[in-house]
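# Structural features, examined
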Amino acid sequence: MAEILLAEDTTSVREGVKALLESDFHTVRAVKDGAEAFALYRRHHPALVILDVMMPRMTGFEVCKALRAEGNNTPVIILTARE
């Protein structure tokens, strides 16, 4: 199945989403901040990126912009609790 990068700073949400995706046999690399997500993406090039909007060090929007600036077309799903 697919390798997925999940970046979420809330532990319970991160672990819950990770468990759900792994139950469908995906490989999930989960991190707690945007800078970690960007660095991990550059090393592993996952098939899908799931980003929380409000994270320490880099927001999900900043990570997405950085990925696109490097020419990456990997699908990105943005998670948010914002209104």
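My aim in this report is to walk through the structure given alongside it, one point at a time.

Cut-off values and rules
Residues numbered from 1 in each chain as written. Predicted model: local features only at pLDDT ≥ 70, side-chain atom pairs only at ≥ 80, totals over all residues. Heavy atoms only, no water. Axes fitted to C-alpha atoms, helices over the stretch in contact; angles between N-to-C directions. Helix = DSSP H or I, 4+ residues; strand = E, 2+ residues; numbered from the N terminus. Parallel < 35°, antiparallel > 145°, perpendicular 65-115°, else oblique. Left-handed = near helix turned anticlockwise from the far one by under 90°. Contact = heavy atoms within 4.5 Å. Buried < 20%, exposed > 50% of the residue type's maximum accessible area, 1.4 Å probe, protein only. Polar contact = N/O pair within 3.5 Å; in protein donor to acceptor, adjacent residues only side chain to side chain. Pairing = 2+ DSSP bridges. Right-handed = clockwise from strand over helix to strand, strands pointing away.

### Focus: the packing of helix α2 (residues 34-44) against helix α3 (residues 60-69)
Contact geometry of α2 with α3 gives a least axis separation of 9 Å together with a crossing angle of 25°. Taken together, the axis directions place α2 and α3 in an arrangement best described as roughly parallel. Two packed elements cross with a definite hand, and for α2 against α3 that hand is right-handed. Judged by residue contacts, Gly 34, Phe 38 and Tyr 41 of α2 engage Val 63, Ala 66 and Leu 67 from α3.

### So, α2
Gly 34, Ala 35, Ala 37, Phe 38, Leu 40 and Tyr 41 are the residues of α2 that are buried. For α2, the secondary structure elements touched by its buried residues are β1 (3-7), β2 (27-31), β3 (48-52) and α3. Of the residues flanking the start of α2, the one acting as N-cap is Asp 33, its side-chain oxygen 3.0 Å from the backbone nitrogen of Ala 35.

### Section: the pairing of β3
Among the five residues that make up β3, five are buried, leaving the element largely enclosed by the rest of the structure. Alternating residues of β3 divide into Leu 48, Ile 50 and Asp 52 and Val 49 and Leu 51, and every residue in both groups is buried. As judged from the four bridges shared by β3 and strand β4 (residues 76-79), these two strands associate in the parallel manner. Residue Leu 51 lies in a different strand from β4, and its bridge partner there is Ile 78. Remark: the β3/α3/β4 crossover connection has right-handed handedness.

Everything listed here is a matter of geometry and, on its own, says nothing about what the molecule does.
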